Protein chains: 4
Amino acid sequence: MSETLVQGRILISCKDRPGIVARVSSILFGLGANITESAQHSTDPFKGSFFMRIAFYLPESSSDEVKVNAAFREIAAEWAMNFHYTTARKKKRIAIFASKEDHCLQELLWQHRSGALDGEIALVVSNHPDHAELARHFAVPYHHTPISKDARTATEALQLDLIKGTSDVMVLARYMQILSPEFIASYDRPIINIHHSFLPAFVGAKPYERAFARGVKIIGATAHYVTGELDAGPIIEQDVQRIHHGYTVDAMKKVGRDIERQVLTRAVQWHLEDRILRHDNKTIIFH
Amino acid sequence: MSETLVQGRILISCKDRPGIVARVSSILFGLGANITESAQHSTDPFKGSFFMRIAFYLPESSSDEVKVNAAFREIAAEWAMNFHYTTARKKKRIAIFASKEDHCLQELLWQHRSGALDGEIALVVSNHPDHAELARHFAVPYHHTPISKDARTATEALQLDLIKGTSDVMVLARYMQILSPEFIASYDRPIINIHHSFLPAFVGAKPYERAFARGVKIIGATAHYVTGELDAGPIIEQDVQRIHHGYTVDAMKKVGRDIERQVLTRAVQWHLEDRILRHDNKTIIFH
Amino acid sequence: MSETLVQGRILISCKDRPGIVARVSSILFGLGANITESAQHSTDPFKGSFFMRIAFYLPESSSDEVKVNAAFREIAAEWAMNFHYTTARKKKRIAIFASKEDHCLQELLWQHRSGALDGEIALVVSNHPDHAELARHFAVPYHHTPISKDARTATEALQLDLIKGTSDVMVLARYMQILSPEFIASYDRPIINIHHSFLPAFVGAKPYERAFARGVKIIGATAHYVTGELDAGPIIEQDVQRIHHGYTVDAMKKVGRDIERQVLTRAVQWHLEDRILRHDNKTIIFH
Amino acid sequence: MSETLVQGRILISCKDRPGIVARVSSILFGLGANITESAQHSTDPFKGSFFMRIAFYLPESSSDEVKVNAAFREIAAEWAMNFHYTTARKKKRIAIFASKEDHCLQELLWQHRSGALDGEIALVVSNHPDHAELARHFAVPYHHTPISKDARTATEALQLDLIKGTSDVMVLARYMQILSPEFIASYDRPIINIHHSFLPAFVGAKPYERAFARGVKIIGATAHYVTGELDAGPIIEQDVQRIHHGYTVDAMKKVGRDIERQVLTRAVQWHLEDRILRHDNKTIIFH
């Protein structure tokens, strides 16, 4: 192997039809790619939507974005295909938002340092000053943007200044402020949130208190993309833990912390590795 | 051990106060009991409610219901205690209700024959004739009570005739008819239902279709006691299975069948073994 | 869609190299296939082994085994490729072997009747007469082949007579006799066994007794292909359940029954759907 | 509630016999205790061993160790009872040992700071200098005790100097050195280890490599008390995660890290809360 190889991946979506796999893999073969992962999904092979993720090694000389996009231009136009090519070289930059609780923030920082997150943590933003020393320990810039009722718009403007152009994805790591629709529209990049319940159960505030009141025997957490509608965006990942009648709300929160940080970490990781496609307010995730 | 021993158990609930365990265990010691299991729960040790289950062996001569109740009469009155004594000798009689689908019915019949259910299956009632041969295979009486819009009251009257006095608990094994409040009031015994979702998500009809539409990553089932409010009674047991974007509604139903029959079986088993106390629309379950 | 479509699938394995996906999907496109599932695995993209499963719809006129094999002949020869084409029309025939315990047998019979197993249960063979009535209930031929120390060879000969040519896979559904190497060689088709432990823990006899003695907190079951070496064949599926110090050996066996029948059913189902490839005493399973 | 209340708990073991619960709870009632948790286990109610854990509130005036021990002296002598009383006031001091990998160390430090561990982390000892800054971040003393083949005895002597008298339990948080029998005997306090496999599968070195070679479908971790025999001490806790054929050894290690730190944390927590009794190389754990 004399030439350097570059790890690339493409995400594809279009109307399903025969021949897509053959055509796409031929183009990749023409570029000198060696496919290492390939997965596909069709909502219906006859009239549905088709989704595909292919990971591969490319010779450096063919790995340029312009070259790869050109190779797919014809098929993309002909089949009205959404086509997204990335390389592992260009790491996604993450902006983490946190409030008082530190478990999700701590987990993301540690997982990143341990090499499990394929991205860069660009900055941490919080409406509390509490995590400055933690961010310093992990050598990540920390911005304290206090929230007050009167100055919410000003604060959001400040936050947008911090993250626009410096981040590719925003992660709400138990950030307890609701983002305004204007903020979401202005950021214009994916936002991942962790909700502390097994959605769609217990949408909204105080889910553990309500789970306690209902007497459920299992609690959970849900990572989802943020949309304008509260806790209603496409679900990325969920997980659960068994509890019993002896669990107080506080004990549930303690268990919940462990579920939340695991679920959020997995969701962020899959997003960074371009494993997620969104369709019809749902996610297709290629493992 | 010259005298025959009888397996007994008591369920207790009262206002919490110091000394309950000491007093109860002294009375049992006085009856010659050897305690084999003991579990307790308090919603708050200072001003809450106290719950306890004790299982024990009693010499046959002390095991009579009248004798045991007499021994506890004083404390029960003094502390306004709910007290419930049963012996393993007196098996609870189960009335199973089923509709078209047979997985929960089949499971209960098989688990009973294999010795895993500590009760007797008194009869099977269905609004379909389909399971007659299955019931015959397991040697259980089968009653086909067709449902028509016009004759619902008459059918319920017929069903009550079949199960009142012949059963101690009614199990809705994917019985797809809603019982009238009059029916529930008239039966006056516990009714256990299996709902094909992870409650409180997807209360009501077509939960798998709605889980598919929401794009959840985990599906579940919930066994609960039936109250007047649909799918809102005390939850006994829940369990879940992971799914992914490739699951159609039918694939989810297939996975769901396995969750449903396991969850329902566990709930019925715990009920038969007097492991469940109800409090505040929740259950306390002593394993 | 004027022509009838046939569901087909191919399993492929060969040395990894660039261009396999492109070539295979082009051939399928040439046959008029519409790919519905596709999954691949490589032990190493540069010098490893490559495995692939593709499921598709074929026009009936192209679905003939001779035609499909011919289309792949060239590539199969050139790349020393193992190539296996089947259609959903040709159901695999299953020979179930059982001993005293009926939970796995009962489960396979019920799952088959409910439509969850994509094969035909050809016959049940047992060294006990106990399950004749169960087999009759499910309308499956039952053969009682008693085992005696002296006549083991004769019994195995009788069993081979029953299953050779009438079955495509043999399932040991808690069959407690060890098959002779001669039997395994003579049958010459895959044999799936369920072992009642989380292999490689507790290889051999009495796994629950040994799990109890060791004080494990989780028990499991393992479905694997049978090879000459006891409990050492390629693992297909495993699952586990949490237990605690209060579980007697009997309680563990009761829980174990539920794990065993689920694990075995999944393994059989995947085998019937041609989802499993064997390599280096391991399995690659395409879900 | 005019008098201050102290949280206490007792662990009891003795030969099983009728009347233990009555007698023990009477003594506690006499001390003014309000029982909040009570759990018991018997290996056999007629001739087995009996174990019990009771948690309670005591008026401060009765909570003195001398007083409580005196109250139980008679029964302890009469029934050859092991009796262990502790209060929540006296936190156990933990000595954590770590090597290169930091995930278990990081988790224990973070869980402690977040309030989930009912003890004090007295010091961290490592044969590597790498975690000094991490320990500083959590304000815990860090001791680097390098290991060399020649000076093993000297190093162990140094380590014993550090932890004897300053710690009540030693936690091997992926400490990759084998402790000598002399060290274990000299420390004379409980030692908890996390083994990176689902014991008794893959005892000894390189468990993930061996799990990969065997082709298991689930991997796990095991926390256990350390005894003279490698990986053979009483199991405290185990947990598992599903993997598939696509997992390399490195991917398994990454998943394994998450299992290991959760399992170890739970084991340490239960030990700190006096929830664990040892018997016959097994653990009885009262949740």
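Owing to the predicted nature of the structure, the values given are computational and were not obtained by experimental measurement.

A.B. asks: Got a sec to walk through the overall build of chain A? Specific residues and values, please.
C.D. replies: Scanning chain A from N- to C-terminus turns up eight helices and 13 strands. Scaling as 2.2 N^0.38, a compact globule of 287 residues should have a C-alpha radius of gyration of about 19 Å, and chain A matches this with 21 Å. Counting only C-alpha atoms, chain A reaches 60 × 40 × 35 Å along its principal axes. If you take every contact in chain A between residues at least 6 apart in sequence, the share linking residues at least 24 apart comes to 68%.

A.B. asks: For the interface of chain B and chain A, give the residues involved together with the corresponding values.
C.D. replies: The interface of chain B with chain A comprises 22 residues on the first partner and 22 residues on the second. Elements with a minimum of two residues in the side of chain B that touches chain A: β11 (235-242) and β13 (282-285) of chain B. Residue classes in the side of chain B that touches chain A are distributed as ten nonpolar, eight polar and four charged.

A.B. asks: Mind laying out the confidence of the model for chain A, listing which residues take part and the relevant values?
C.D. replies: Per-residue pLDDT for chain A averages 95, and the proportion of residues at 70 or more is 99%. At the level of chain-chain contacts, confidence expressed as ipTM amounts to 0.95, with global pTM at 0.96.

A.B. asks: How would you sum up helix α7 (residues 207-214) of chain C? Please name residues and give values.
C.D. replies: All names here are of chain C. Turning to α7, its buried residues number three or more, namely Pro207, Tyr208, Ala211 and Phe212. When α7 is viewed along its axis, its buried side chains cluster within an angular range of 140° and face the same direction. With its phi angle positive at about 75°, Gly215 sits one or two positions after the end of α7.

A.B. asks: Just give me the short version of the sheet that holds strand β9 (residues 191-195) of chain D, but keep the residues and values in it.
C.D. replies: Residue and element names in this part refer to chain D. Strand order in the open sheet made by the seven strands is β7-β6-β5-β8-β9-β10-β11, with mixed pairing throughout. The open sheet has two free edges, formed respectively by β7 (142-144) and β11 (235-242), since each of these has just one partner strand. The mean angle between the axes of side-by-side strands here comes to 20°, regardless of whether they run parallel or antiparallel. Two elements, strand β5 (residues 92-98) and strand β6 (residues 119-126), share seven bridges in a ladder whose sense is parallel. Within the sheet, the bridge partner assigned to Ala95 lies in β6 and is Leu123.

A.B. asks: So what about helix α5 (residues 152-163) of chain C? Which residues, and what values?
C.D. replies: Taking 1.5 Å per residue, twelve residues should reach 16 Å; α5 of chain C reaches 17 Å between its end C-alpha atoms and fits that length. Just past α5 of chain C, the residue Gly165 of chain C takes up positive phi, approximately 85°.

A.B. asks: Describe the domain arrangement of chain A, and please don't skip the residues or the numbers.
C.D. replies: Accessible area lost when the parts come together is the quantity often used to give the size of an interface. Residues and elements named next belong to chain A. The assigned domain composition of chain A is domain 1 (5-87) and domain 2 (92-285). Of note, the centres of domain 1 and domain 2, computed from C-alpha atoms alone, are 31 Å apart. Between domain 1 and domain 2, the residue contacts involve eight residues of the former and five residues of the latter. Of the residues that constitute the side of domain 1 that touches domain 2, the class distribution is two nonpolar, four polar and two charged.

A.B. asks: So, the interface of chain B and chain D: which residues are in play, and what are the values?
C.D. replies: Each side of the interface is counted separately: chain B has 17 residues, and chain D has 17 residues. Residue assignment for the side of chain B that touches chain D shows that the elements contributing at least two residues are α1 (20-30) and β2 (34-42) of chain B. Looking at which element gives the most residues to the side of chain B that touches chain D, the answer is β2 of chain B, with seven residues. Along the lines of polarity and charge, the residues of the side of chain B that touches chain D split into nine nonpolar, eight polar and no charged.

A.B. asks: So, the relation of the copies chain B and chain A: which residues are in play, and what are the values?
C.D. replies: For these two chains of identical sequence, chain B goes onto chain A by a turn of 180° and a shift of 0.0 Å along the axis, with RMSD 0.0 Å. Those values place the two copies in the arrangement expected of a two-fold rotation axis. Considering only C-alpha atoms, the residue of chain B closest to the rotation axis is Ala201 of chain B, which sits at 2.3 Å. In this assembly, 100% of the residues forming the interface of chain B have copies in chain A that are likewise at the interface, indicating an isologous arrangement.

A.B. asks: So, the sheet that holds strand β5 (residues 92-98) of chain B: which residues are in play, and what are the values?
C.D. replies: Strand pairing within a sheet occurs via backbone hydrogen bonds; the two strands may be parallel or antiparallel. Residues and elements named next belong to chain B. Reading across from one edge, β7-β6-β5-β8-β9-β10-β11 is the order of the seven strands in this open sheet, with mixed pairing throughout. In this open sheet, the two edge strands, each paired with only one partner strand, are β7 (142-144) and β11. Between one strand and the next, the sheet's axes are offset by a mean angle of 20°, whatever the strand orientation. By the bridge criterion, seven bridges tie strand β10 (residues 218-225) to β11 in an arrangement that is antiparallel. Bridging across to β11, Ile218 finds its partner in Arg242. Those strands touched by helix α5 (residues 152-163) are β5, β6 (119-126), β7 and β8 (169-172), and its axis lies near 160° from that of β6.

A.B. asks: Tell me about the packing of helix α1 (residues 20-30) of chain A against helix α1 (residues 20-30) of chain C, and name the residues and values.
C.D. replies: Contact geometry for α1 of chain A and α1 of chain C: axes closest at 8 Å, N-to-C directions at 150°. Between α1 of chain A and α1 of chain C, the angle falls in the class roughly antiparallel. Where α1 of chain A crosses over α1 of chain C, the two elements pack in a sense that is left-handed. Facing Val21, Ala22, Ser25, Ser26 and Phe29 of chain A of α1 of chain A, the residues of α1 of chain C in contact are Val21, Ala22, Ser25, Ser26 and Phe29 of chain C.

A.B. asks: I'd like a rundown of the pairing of strand β1 (residues 5-15) of chain A, residues and numbers included.
C.D. replies: For a regular strand, the rule is simple: side chains alternate between the two faces of the sheet. All names here are of chain A. As paired strands, β1 and strand β3 (residues 49-59) are joined by eleven bridges and run antiparallel to one another. Opposite Gln7, over in β3, you have Tyr57 as the bridge partner. In terms of strand pairing, β1 meets strand β4 (residues 82-87) through six bridges, oriented antiparallel. Within β4, the residue paired with Ile12 across the bridge is Phe83.

A.B. asks: Report on the nonpolar core, specifying residues and quantitative values.
C.D. replies: Counting residues in each nonpolar core, the largest one holds 305 residues, and the members touching the most others are Ala173 of chain A, Ala173 of chain B, Ala173 of chain C together with Ala173 of chain D. Beyond its immediate chain neighbours, meaning those up to four positions away, Ala173 of chain D contacts Ile96, Phe97, Ala98, Cys104, Leu105, Leu108, Ile194 and Leu264 of chain D.

A.B. asks: How would you explain unusual backbone geometry if you had to name every residue and give the values?
C.D. replies: For the bond from Leu199 of chain B to Pro200 of chain B, the omega torsion is 5°, close enough to zero to count as cis. Mapped onto the fold, Pro200 of chain B is located in the loop between β9 (191-195) and α7 (207-214). Of note, the phi angle at Arg174 of chain A is positive, near 65°, even though the residue is not glycine. On the secondary structure map, Arg174 of chain A appears in the loop between β8 (169-172) and α6 (181-187).

A.B. asks: Outline the relation of the copies chain B and chain D, listing residues and values.
C.D. replies: For these two chains of identical sequence, chain B goes onto chain D by a turn of 180° and a shift of 0.0 Å along the axis, with RMSD 0.0 Å. The overlap is high: 100% of the interface residues of chain B also sit at the interface in chain D, so the same surface is used on both sides.

A.B. asks: An account of the environment of Lys217 of chain D is requested, with residue identities and associated values reported.
C.D. replies: Within the secondary structure layout, Lys217 of chain D lies in the loop between α7 (207-214) and β10 (218-225). When the 26 C-beta atoms within 10 Å are taken as the criterion, Lys217 of chain D is described as buried. Residues Lys217 of chain D and Ile243 of chain D lie 26 residues apart in sequence; the distance between their C-alpha atoms is 5.3 Å. Not counting residues within four places of it along the chain, the set of residues in contact with Lys217 of chain D comprises Ile235, Glu237 and Gln238 of chain C together with Arg242, Ile243 and His244 of chain D.

A.B. asks: Let's hear about the pairing of β13 of chain B: which residues, and what values?
C.D. replies: Here strand β12 (residues 276-279) of chain B pairs with β13 of chain B via four bridges, running antiparallel. Bridging across to β13 of chain B, Leu277 of chain B finds its partner in Ile284 of chain B.

A.B. asks: An account of the environment of Gln40 of chain A is needed here, citing residue identities and associated values.
C.D. replies: Inspection of the secondary structure assignment puts Gln40 of chain A in strand β2 (residues 34-42). Overall, Gln40 of chain A belongs to the buried group, with 23 C-beta atoms counted inside 10 Å. Residues Gln40 of chain A and Leu162 of chain A, 122 residues apart in the sequence, show an inter-C-alpha distance of 37 Å. Those residues in contact with Gln40 of chain A, other than ones at most four positions away along the chain, are Val21, Phe50, Phe51 and Met52 of chain A together with Ser38 of chain C.

Rules of the game
- Residues numbered from 1 in each chain as written.
- Chains lettered and ligands numbered in written order.
- Predicted model: local features only at pLDDT ≥ 70, side-chain atom pairs only at ≥ 80, totals over all residues.
- Helix = DSSP H or I, 4+ residues; strand = E, 2+ residues; numbered from the N terminus.
- Rg over C-alpha atoms; globule rule 2.2 N^0.38 Å.
- Contact = placed C-beta atoms within 7 Å.
- Nonpolar A, V, L, I, M, F, W, Y, C, P; charged D, E, K, R; others polar.
- pLDDT = per-residue confidence, 0-100.
- Buried ≥ 20, exposed ≤ 12 C-beta atoms within 10 Å, placed from the backbone.
- Arc of directions from axis to C-beta.
- Pairing = 2+ DSSP bridges.
- Axes fitted to C-alpha atoms, helices over the stretch in contact; angles between N-to-C directions.
- Expected span 1.5 Å × (residues − 1).
- Domains from an automatic or database assignment.
- Least-squares fit on C-alpha atoms with pLDDT ≥ 70 in both.
- Parallel < 35°, antiparallel > 145°, perpendicular 65-115°, else oblique.
- Left-handed = near helix turned anticlockwise from the far one by under 90°.
- Core = buried A, V, L, I, M, F, W, Y, C linked by C-beta atoms within 7 Å.

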